[in-house]
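Structural overview for review
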Amino acid sequence: MTAPTSARSSRGPILIGAGLVIALIVIALIAGDSGSPTSGPPLSPTSTSGDGTRGLVVLVRELGGDVRVGQRLPDSTDRVALLLRDGLDDDTRSQLSRWVSGGGTLILTDPDSPLSAERFGFSAAGPASRGRCTIPALGDVAQLTIPFGTNLRVRGDATSCFGDTRRAFIVSTPRGQGTIVSIGSPEPFTNSLLDEADNSVLAARLLLPAEGRSLALLEPNPPGSGRTTLGDLISDRVFQAILQIGVAFIVYALWRSRRVGRPVVEPQPVAVAGSQFVRAVGGLQQRSRSTDRAAATLRVDTRRLLSERYGVSAGTDTATLAQLTAARTGLDRNQVATALSDAPILDETSLVILGQQLDTIRQEVLDGHSR
């Protein structure tokens, strides 16, 4: 009966240990995955999320293309440039237009860009058939998956695909010696849709440059390149509200600080002389038969008066104060020393005598009867 119990008890720690090892492995895998660049802004070439374009970069490189990421503008070695979203300012957009006129090919997937062909309604959601196509490079692109897109107007000598003579999802417009290929949506190039229908074929036919040339995947606003400050993000109405609050506070402060009529003199508390206060305290202690405490109060007050009168420190000993008092008033030094000392006073008669002695000392000192 004991063998099965011991076997179960020995297997328990083993199972717990195995469970901990498995948990640690899972945590390590999750931690390792969390550090990889799997997310980022929409259409980012470094993002592997559904709305990123990392798959597009990998596809072009696998087909032998040289993809350059992070540029605001293409350089002289770039044959083709892809602008997924136009966040350029007017000066930079003018430079890009001059690059196209010089012989470059710009693939533009932002219908709201001033460089794009004019909007002309929305395309049907879902698979889009080839329709009329006058762009020779797209001869083998038969179908695209487009969840949401915009049709563009076909004008003049522009060629188009996935549409008709008036509107199309892709419109190629010559500009100078170059070309702007306007596309009604960037979604066919995203990670989630690149492998749908002929979306990858479209990317290869448009983006793969000639041998010896590179593809510039433009990023108009890479991190840290913006010039917008915190003040630019605050609405003008907020500043106006802050100004109104400041004016209202000033008006309120002026209103609260106004004076109506003449100033009124407020009654001041009655000033009680220090000696009268000491005498009153001594009287209370005398009536409560606290003779020794009353004597100590009177002596402390008298010693303080003598110290201030003679310009000595408050901690001067009794003998020195008695000698100074005797020298300046003619009073007996021993009597003064006895009155100022801490000798105990045990009855009211002695307290009355002490009070008279201290009062005499105070009067002699204050009246200035010195020799």
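In what follows, the structure referred to is the one given above.
What you see is a predicted model, and the numbers here were worked out from it, not measured in a lab.

Observations concerning the side chain of D301
Tracing the chain through its elements places D301 in helix α8 (residues 291-310). Among the residues examined, D301 registers a relative accessible area of 7% and is labelled buried. At a separation of 2.6 Å, a polar atom in the side chain of D301 contacts the side chain of R304.

Overview of helix α3 (residues 90-101)
Note: α-helices contain 3.6 residues per turn, so residues at a spacing of three or four share the same orientation. Look at α3: 16 Å from first C-alpha to last across twelve residues, which is about the 16 Å you get at 1.5 Å a residue. On its buried side, α3 packs onto β2 (78-83), β3 (105-108), β9 (167-175), β10 (178-183) and β11 (214-218). Where α3 terminates, the next one or two residues include G103, which has phi positive at roughly 125°.

Quick notes on the packing of aromatic side chains
The description of an aromatic ring pair rests on the distance of the ring centres and on the angle between the ring planes. With the rule as written, the count across this model stands at one aromatic pair. With a centroid separation of 6.2 Å and an interplanar angle of 40°, the aromatic rings of Y252 and W255 are classed as tilted. With a gap of three residues between them, Y252 and W255 both fall in helix α6 (residues 236-256), about one helical turn apart. Note on Y252: relative accessible area 49%, which makes it partly exposed. Overall, the relative accessible area of 46% leaves W255 in the partly exposed class.

The rules we used
- Residues numbered from 1 in each chain as written.
- Predicted model: local features only at pLDDT ≥ 70, side-chain atom pairs only at ≥ 80, totals over all residues.
- Heavy atoms only, no water.
- Helix = DSSP H or I, 4+ residues; strand = E, 2+ residues; numbered from the N terminus.
- Buried < 20%, exposed > 50% of the residue type's maximum accessible area, 1.4 Å probe, protein only.
- Polar contact = N/O pair within 3.5 Å; in protein donor to acceptor, adjacent residues only side chain to side chain.
- Expected span 1.5 Å × (residues − 1).
- Contact = heavy atoms within 4.5 Å.
- Phe/Tyr/Trp six-rings, centres within 6.5 Å; stacked < 30°, edge-to-face > 60°.

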